[in-house]
Each structure stands twice: as C-alpha cells, then as structure tokens.
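An overview of the molecular structure
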Amino acid sequence: MSTFFLLPLLLLCCLLPLLFRGMGPRPTEVAKEVDVWITPQKIEDVFDGISKMVENWKAEIQAEPKKSLLPFIGGKKEEKRFEVVQSIPPRLLRVFDKREGETVFELTEIEGGGTSIRVSYHPFAKSRIQTFKAQFPAKILTGWQSCPSCGKPILPDFVVCPYCSQKLKGEKA
C-alpha cells in the first residue's frame, strides 16, 4: 500500500525537469551587447526597413506553436510575447520580447550621406541581429579614423565620438 503513495511522488520528480524546461535566466538578468554599423542608405529608408523586419519578427513569433506547462489541464492563456515599446521615426525603435529581452535601434544620419545604426540587445537575440545586419549594404569608409575609446569609425573633424561620447579634441582658444 505504501508503494502506491510513493509512485505519484516519484512520477512528479521525474516530470518536474520537463515542466521547467526553457526557464533559464531571464533577459533582464543578462548584460546587453551593442553593435554599430554604417549603411549608405537614407535614414528614412533604414527606419522603414527596420520597421518591416520587426513586423516579420512579430509574425514569426506569433506563428510559433504555443507551449503549455500543463497541457492536460489546459494551462494558462499565453500573454503577448512581443511588442513595440517605443517608436520615434526615423531615429529610434525599441521592441521587447519576453524571451529575448529588449532590443533598441538608434539611427544617426551621417554628414555626406548614409546612416549609422546602433543596436543594443541581449545575447539571446544575437543571431537575430546578425541576420538582420547581414541584409544591409555596407559602406566603404574613406578618410575616416577610429575612435581611441571604442574603435568605431569617425570623421577627422569630430569633436566628440557619436557612439561612446568620448571627447576627441581639446577646445581651441
């Protein structure tokens, strides 16, 4: 009779890891990564491209099959996983995914043509960002220097680095 009562407990212990699969560290507990690149496209075109890509991400996420921890009971209703938090065309787009964390796109128009794209994201979204970055044409930089602080490309007449805000030149009297 006592083994009958131990059987459900043993079964529960075996199934517990399956119930909590995929519940690793949350995106808010992980340090963000930053990537910056330059494209020859106009800032408005880049912002439109980012907006379309974000809509594609949202559609992909909504098309994923929903997993329930307790399928035999029906589980709880799935909440919104992906949302656009802030959009300021054509400069800023912030999106949040409950699994991949927050991704922030900051765009800066470059004098002489082109756009600088700065993306901060959690490592969970790294492959998504790399795939996204590969779709943009690269700009060949001529007459540019590197920031001594962050190493990003800057024009020789910059006083402050647009990426890390490092002061580059002293004030002339």
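Described below are features of the structure shown in this document. (Residues numbered from 1 in each chain as written. Predicted model: local features only at pLDDT ≥ 70, side-chain atom pairs only at ≥ 80, totals over all residues. Heavy atoms only, no water.)

1. Notes on the packing of aromatic side chains
If you walk through the whole model with that rule in mind, you get four aromatic pairs. Seen in terms of ring centroids, Trp37 and Phe132 are 6.2 Å apart; in terms of plane orientation they differ by 70°. Their pairing is edge-to-face. Here the residue Trp37 occupies a position in strand S1 (residues 33-39), and Phe132 occupies one in helix H3 (residues 126-134), the gap between them amounting to 95 residues. Centroid distance Trp57 to Phe132: 6.0 Å. Interplanar angle 70°. Geometry classified as edge-to-face. Of the two residues, Trp57 sits in helix H2 (residues 43-63) while Phe132 sits in helix H3, which places them 75 residues apart along the sequence. The same class applies to Trp57 as to Phe132, namely buried. Among the aromatic side chains, those forming a connected cluster through ring pairs are Trp37, Trp57, Phe105 and Phe132. (Phe/Tyr/Trp six-rings, centres within 6.5 Å; stacked < 30°, edge-to-face > 60°. Helix = DSSP H or I, 4+ residues; strand = E, 2+ residues; numbered from the N terminus. Buried < 20%, exposed > 50% of the residue type's maximum accessible area, 1.4 Å probe, protein only.)

2. Looking at the pattern of salt bridges
Tallying each qualifying case throughout the model produces eight salt bridges. With its nearest N and O atoms 3.6 Å apart, the salt bridge here joins Glu60 to Arg128. A residue pair is termed long-range when its members are at least 10 positions apart, and Glu60 in helix H2 and Arg128 in helix H3 qualify at 68 residues. Under the relative-accessibility criterion, Glu60 is labelled partly exposed at 46%. Each of Lys32, Arg94 and Glu102 takes part in one network of salt bridges that share partners. (Salt bridge = Lys/Arg side-chain N within 4 Å of Asp/Glu carboxyl O.)

3. Describing the environment of Ala31
Position of Ala31 among the secondary structure elements: in the loop between helix H1 (2-19) and S1. Distance from Ala31 to His122, taken between C-alpha atoms, is 6.6 Å for residues 91 residues apart in sequence.

4. Some points on the pairing of strand S3 (residues 92-97)
Consecutive side chains of a regular strand alternate in pointing toward one face of the sheet and then the other. For strand S2 (residues 82-88) and S3, the ladder comprises six bridges, and the chain directions are antiparallel. Bridge pairing in S3 places Ile88 opposite Leu92. Connecting the antiparallel pair S2 and S3 is a turn made up of three residues. Inspection of the sheet shows S3 paired to strand S4 (residues 101-109) by six bridges, in the antiparallel sense. In the strand pairing of S4, Leu93 is matched with Phe105. Between S3 and S4, which pair antiparallel in sequence order, lie three residues. (Pairing = 2+ DSSP bridges.)

5. Some details on unusual backbone geometry
Between Pro89 and the following residue, Pro90, the backbone shows a cis peptide bond with an omega angle of -10°. By secondary structure assignment, the location of Pro90 is in the loop between S2 and S3. The phi angle at Ser165 is positive, at roughly 65°, despite the residue not being glycine. Within the fold, Ser165 resides in the segment after strand S7 (153-154).

6. Re a negative patch on the surface
On the surface, Glu44, Asp45, Asp48 and Glu109 cluster together into a negatively charged patch. Per element, the largest residue contribution to the negative patch is three residues, and it comes from H2. Along the chain, the position of Glu44 falls in helix H2. (Patch = residues over 30% accessible without salt bridge, like charges linked within 9 Å, V, L, I, M, F, W, Y side chains within 5 Å. Areas by Shrake-Rupley, 256 points an atom, 1.4 Å probe, with all protein chains shown as cover. Lys, Arg positive; Asp, Glu negative; His and termini not counted. Charge placed at Lys NZ, Arg CZ, Asp CG, Glu CD.)

7. Things to note about the nonpolar core
Of all hydrophobic cores here, the largest spans 20 residues; its most connected members are Ile50, Val54, Trp57, Phe105 and Phe132. At the level of secondary structure, the elements contributing two or more residues to this core comprise H2, S3, S4, strand S5 (115-121) and H3. The greatest single-element share of this core, amounting to eight residues, is contributed by H2. If we ignore the near neighbours within four places in the chain, the residues touching Phe132 are Trp37, Gly49, Ile50, Met53, Trp57 and Phe105. Grouped together as the second largest cluster of nonpolar side chains are seven residues, Cys147, Ile154, Cys161 and Tyr163 included. (Core = buried A, V, L, I, M, F, W, Y, C linked by side-chain atoms within 4.5 Å. Contact = heavy atoms within 4.5 Å.)

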